[in-house]
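Residue strings, one per chain:
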Amino acid sequence: MLYSVANFSSGGGKAVEQYGVSVVIPSYNRRDAVVRALDSVLSQDYPNLECIVVDDASTDGSGEMLRGLAGEREALRVIELEQNAGQGAARNVGARAARGRWVCFLDSDDELLPGSIESRVSVFIEDPEFDGIAFGGNIVAGKSEVLFPGSVEKGEDISLQDYLKDRGWLHTNAFMISRERFLALDGFREDLRQKQDVEFFIRALCRVNARYCGQACSKMHDLGDVRARNHHERIARQGYRFIDAVRTNPEVQGRVEPDLLKDLVSRGVSTYLSALYRTGQYSQFRKALRRSVRQGELSPSSRWLKRYLLSWLRSPSN
């Protein structure tokens, strides 16, 4: 899908050579936080680097501010979209414009840690035949260290099955992939406004493995209720699109064990139902819960029964 670009600003057109990396930051109304994010990219020791901020039609003056910074910083490029397209689409726009051999991504309210770029590039340099995902750890808000689902050593691979057993292995902020491979995979699904990273990782891991670079690469920051509320609202609006995207993918059907696929669908349905409940869409919640139980996507546990009854008490008609 093509998007109208309102402005394209570049800090002098720094050449990105053979082992170059492009870091793409999608940003929407993050005028203050995005500066911290791009500073964390431009302060990396890795010299062959460009930072591309894709402003997703912000209304808080971000675009003007970023244009000014692009005029001052050689490695910074800014793309401004005329209409809000969502994080997945903004990331894809940035990846298509990238000049680096490899691409990675950073949310506008988070930051890269020192050595983040070099450690992931080293995965590819040490094994030129490797064309998968290089990944590091992500430190979540409120924590001081990476919490992986299990032990993993530098240079060790994880597979699709490993990821499906626990999605804590990979995070959008902490993976790197060749631009060519990313585009061959068609990037992020743009019809998803939530869980587009999970769907991408599942699709990518159907074809390649992910290899650990040996360190934490990114750090999330706590935005409190803003991030949580937006998370639930986007999932509720998205409905079953993520679930359908995964279970109708023939590569997933051919490579994933039936029990793992069933568990994945069940977790996706649970997330959707929780979003409906938490955003007060009680009538839709009850309807979706009954549907999921009838189709065998979800077991009628005591937790869901309790929420079902409470939804009637809170709003019989909503």
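Not measured: the values here are computed from a predicted model.

Quick notes on the rules
- Residues numbered from 1 in each chain as written.
- Predicted model: local features only at pLDDT ≥ 70, side-chain atom pairs only at ≥ 80, totals over all residues.
- Heavy atoms only, no water.
- Phe/Tyr/Trp six-rings, centres within 6.5 Å; stacked < 30°, edge-to-face > 60°.
- Helix = DSSP H or I, 4+ residues; strand = E, 2+ residues; numbered from the N terminus.
- Buried < 20%, exposed > 50% of the residue type's maximum accessible area, 1.4 Å probe, protein only.
- Salt bridge = Lys/Arg side-chain N within 4 Å of Asp/Glu carboxyl O.
- Axes fitted to C-alpha atoms, helices over the stretch in contact; angles between N-to-C directions.
- Parallel < 35°, antiparallel > 145°, perpendicular 65-115°, else oblique.
- Left-handed = near helix turned anticlockwise from the far one by under 90°.
- Contact = heavy atoms within 4.5 Å.
- Nonpolar A, V, L, I, M, F, W, Y, C, P; charged D, E, K, R; others polar.
- Core = buried A, V, L, I, M, F, W, Y, C linked by side-chain atoms within 4.5 Å.
- Expected span 1.5 Å × (residues − 1).

Just to check I follow, could you spell out the packing of aromatic side chains for this structure?
When we look at a pair of aromatic rings, we describe it by the centre distance and by the angle of the planes. Applying the stated criterion across every chain, the model contains 21 aromatic pairs. Judged by centre distance (5.9 Å) and plane angle (35 degrees), the ring pair of Phe-175 and Phe-200 falls under tilted. With Phe-175 in strand β9 (residues 175-178) and Phe-200 in helix α7 (residues 196-205), this pair connects stretches of sequence that are 25 residues apart. This pair shows no difference in class: Phe-175 is buried, exactly as Phe-200 is. Through successive ring pairs, a cluster of aromatic residues spans Phe-105, Tyr-163, Phe-175, Phe-182, Phe-188, Phe-200 and Phe-201.

Just checking my understanding: could you explain the pattern of salt bridges for this structure?
For side chains of opposite charge, pairing can occur when their charged atoms come near one another. With the rule as written, the count across this model stands at 16 salt bridges. A salt bridge links Arg-91 to Asp-107; the shortest N-O distance between them is 2.9 Å. Linking Arg-91 in helix α3 (residues 87-97) with Asp-107 in the loop between β5 (102-105) and β6 (111-112), this pair joins segments that are 16 residues apart in sequence. Residue Arg-91 is classed as buried on the basis of its relative accessible area, which comes to 2%. Ionic pairing is found between Arg-211 and Asp-127, a salt bridge with its closest N-O pair at 2.9 Å. A residue pair is termed long-range when its members are at least 10 positions apart, and Arg-211 in strand β10 (residues 210-219) and Asp-127 in the loop between α4 (116-126) and β7 (133-139) qualify at 84 residues. A relative accessible area of 25% means that Asp-127 is categorised as partly exposed. Each of the salt bridges in this network shares a partner with another, and the network as a whole consists of Asp-244, Arg-247, Arg-291 and Glu-297.

Sorry if this is basic, but what is going on with the packing of helix α12 (residues 282-294) against helix α13 (residues 302-314) here?
What describes two packed helices is the angle between their axes and the distance between those same axes. Interhelical geometry of α12 versus α13 gives an angle of 150 degrees and a closest axis separation of 9 Å. The orientation of α12 relative to α13 falls into the category roughly antiparallel. Considering how the two elements wind past one another, α12 and α13 form a crossing that is left-handed. Between α12, through Tyr-282, Phe-285, Arg-286, Leu-289 and Arg-290, and α13, the contact on the second element is made entirely by Trp-304, Arg-307, Tyr-308, Ser-311, Trp-312 and Arg-314. Among the residues making up the contact of α12 with α13, the classes are represented as six nonpolar, one polar and four charged.

Whenever I open this one, the nonpolar core confuses me. Can you help?
In globular proteins that are soluble, nonpolar side chains generally tend to be buried together. Formed by 63 residues in total, the largest nonpolar core has its most connected members in Phe-135, Leu-170, Phe-175, Phe-200 and Ile-202. Per-element accounting of this core gives the leading share, ten residues, to helix α11 (residues 258-278). If we skip the residues at most four places from it in the chain, Phe-175 touches Val-103, Cys-104, Phe-105, Arg-120, Ile-133, Ala-134, Phe-135, Phe-188, Phe-200 and Phe-201. Ile-25, Val-34, Ala-37 and Met-176 belong to the second largest nonpolar core, which has 31 residues in total.

When you look at α12 in this model, what are you seeing that I'm missing?
Three- or four-residue spacings in an α-helix give side chains the same orientation, since the helix completes a turn every 3.6 residues. Relative to the 18 Å expected for 13 residues at 1.5 Å per residue, α12 spans 18 Å between its end C-alpha atoms, a close match to the ideal helical length. Among the structural elements, α11 and α13 are those in contact with the buried residues of α12. One or two residues past the end of α12 sits Gly-296, with phi positive at roughly 75 degrees.

What's the story with α13 in this structure? I'm lost.
Here α13 contains 13 residues, and its C-alpha end-to-end distance of 18 Å stays within 8% of the 18 Å for a straight helix at 1.5 Å per residue. As for α13, its buried residues are in contact with α11 and α12.

Is there a simple way to think about unusual backbone geometry in this case?
Apart from glycine, the bulk of residues carry a negative phi angle, and the bulk of peptide bonds sit in the trans form. Although it is not a glycine, Ala-57 sits at a positive phi angle of roughly 60 degrees. Tracing the backbone through its elements, the reader meets Ala-57 in the loop between β3 (49-55) and α2 (62-70). For Ala-57, a relative accessible area of 16% corresponds to the buried category.

Interpretation note: all reported values are geometric properties and have no functional meaning in isolation.
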